[in-house]
Every structure is written in structure tokens, then in C-alpha cells.
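Summary of structural features
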Amino acid sequence: MAGEQCSICLEALDGGVTALACGHRFHAACLARLASAAGTTATRRGALTACPNCRTVSRVALTPVATFSVGDRVEALWGQKWYPGEVDAVVDGGRAYEIIWDDGDDGEVRAAHVRAAPAPARTALPPVMAPPAPPPVPPPLAPRDIVPAAVADGDGGARGARTASSRFWGV
């Protein structure tokens, strides 16, 4: 049917189409994403999911959704060891990946045997900031600056006496 579109993504149905028991057609990847997001009941033969158009329950084969895209740095299990490489192609919507190893070789690896490459270690540390300067310390008092209060006003009281602290703080 020409001009038909997927009612999930609203793109033209050009390839990778799945038809449900009710007859509605969708992109297989769109339907798998919808089935995963809706929390459907998974079985060995697929997942039971409701048609987004008419809500008729159908069994859908869950197709993998690609985790990595072309150009991503990954590590892939080859034999018993993980090797660094880069994704060159995504096979069957994410079932497997074509990997170009760091030594120049290439090969197809199942998606279950591919993981994200660890982030590179930082080599340069940021500059260390100097600790803040301590607050200013008042100058020490000389013995001539200390005048007993009784001597200052002559009557033994402290009225009008200028002490070292009052002169320092401007009181």
C-alpha cells in the first residue's frame, strides 16, 4: 500500500514492517520500543502488547534497539579478552556491530559482547588554588600606649580615659 505510514513515528512504511494480528502495520523498531516502554508481558516467543491503534492484544517479537552508533568508542569481547575499537556499522538494528579494532583489523561482534569504552584518564590536574589570606592582625601595643584608667582622669573613674583599645578602634 503506497503512502502508508507508521502511526507511532509518522514516517513512511518503507522497510522493516511488522503487521499485528489486527492488521495494523508499524515499523518493527517502533513497535519494539513501544512494547519495551509500555512494560508488556515478555514471553519466550515475544511480548504480548496492545495495538496502539485499536488496543487488540498481539504477540510481538522484540527486536533489539541499537545501543551504539557509528563512530562510538567501544570495547568488544573477542575470545576471552576485551579489545578497544570503534563502531563501523550497526547490523540488523543493533543485533550486532561491525567493529574496527585499534590495530586496524575489523570484525562483526554480537551486541551482547560490546560495551562502552571507559573514559580516558585525565593526565593534567587543574592548578591548585592558594589558600585565602588570613585576616589582618592589629599591631601589638607598646607599653607607653597602655594608660591605667585611674591615672587618665585623675579621680579613679574611667570616664574620658583613652585606653589603647579605644585609640586603636577609634572610640
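Small disclaimer: the values here were computed from a predicted structure and weren't measured. Along each chain, residues carry numbers from 1 onward, in the same order as the chain's sequence is written. Note on the predicted model: pLDDT of at least 70 is required for a residue's local features to be given, and 80 or more for side-chain atom pairs to be given and counted; whole-chain, interface and lining totals, by contrast, use all residues. As a convention, hydrogens and water are excluded, and side-chain values are obtained from all of the structure's heavy atoms.

1. Digging into the sheet that holds strand 10 (residues 114–116)
We apply this condition: When DSSP finds two or more bridges between a pair of strands, those strands are recorded as paired. Where helices and strands are cited, they refer to DSSP runs of H or I of at least four residues and of E of at least two residues respectively, numbered from the N terminus. Structural elements are reduced to axes, namely lines fitted to C-alpha atoms, with helices fitted over the stretch in contact, and the angle between N-to-C directions of any two is expressed from 0 to 180 degrees.
Spatially, 5 strands are ordered 9-8-7-6-10 in an open sheet, and the strand pairing comes out antiparallel. Single-partner strands in this sheet number two, and they are strand 9 (106–110) and strand 10. Recorded for the sheet is a direction-independent mean angle of 50° between the axes of neighbouring strands. Here strand 7 (residues 81–91) pairs with strand 8 (residues 96–101) via 6 bridges, running antiparallel. Looking across to strand 8, one finds that Ala 89 is bridged to Glu 98.

2. A look at the environment of Thr 18
Here is the rule: Working definition: with a 1.4 Å probe on protein chains only, accessible area under 20% of the residue-type maximum means buried, over 50% means exposed, and in between means partly exposed.
Relative to the elements of secondary structure, Thr 18 occurs in strand 1 (residues 17–19). When its relative accessible area of 25% is taken as the criterion, Thr 18 is described as partly exposed.

3. So, the packing of aromatic side chains
As a reminder of what qualifies: Aromatic rings from Phe, Tyr and Trp, taking only the six-membered ring of Trp, are treated as a pair when their centres fall within 6.5 Å; an angle between ring planes under 30 degrees marks them as stacked, one over 60 as edge-to-face, and anything in between as tilted. Note on criteria: charge over ring means Lys NZ or Arg CZ within 6 Å of the ring centre, with the direction from the centre no more than 35 degrees off the ring normal.
Across all of its chains, the model carries 3 aromatic pairs by this definition. Consider the rings of Phe 68 and Tyr 97, whose centres lie 5.7 Å apart with planes at 65°: the pair is edge-to-face. Of this pair, Phe 68 sits in the loop between strand 5 (57–60) and strand 6 (73–78) while Tyr 97 sits in strand 8, and the two are 29 residues apart along the sequence. An aromatic cluster is present here, built from Trp 78, Tyr 83 and Trp 101 joined pairwise through their rings. One residue, Arg 115, lies across the ring of Trp 82, its end atom 4.0 Å from the ring centre.

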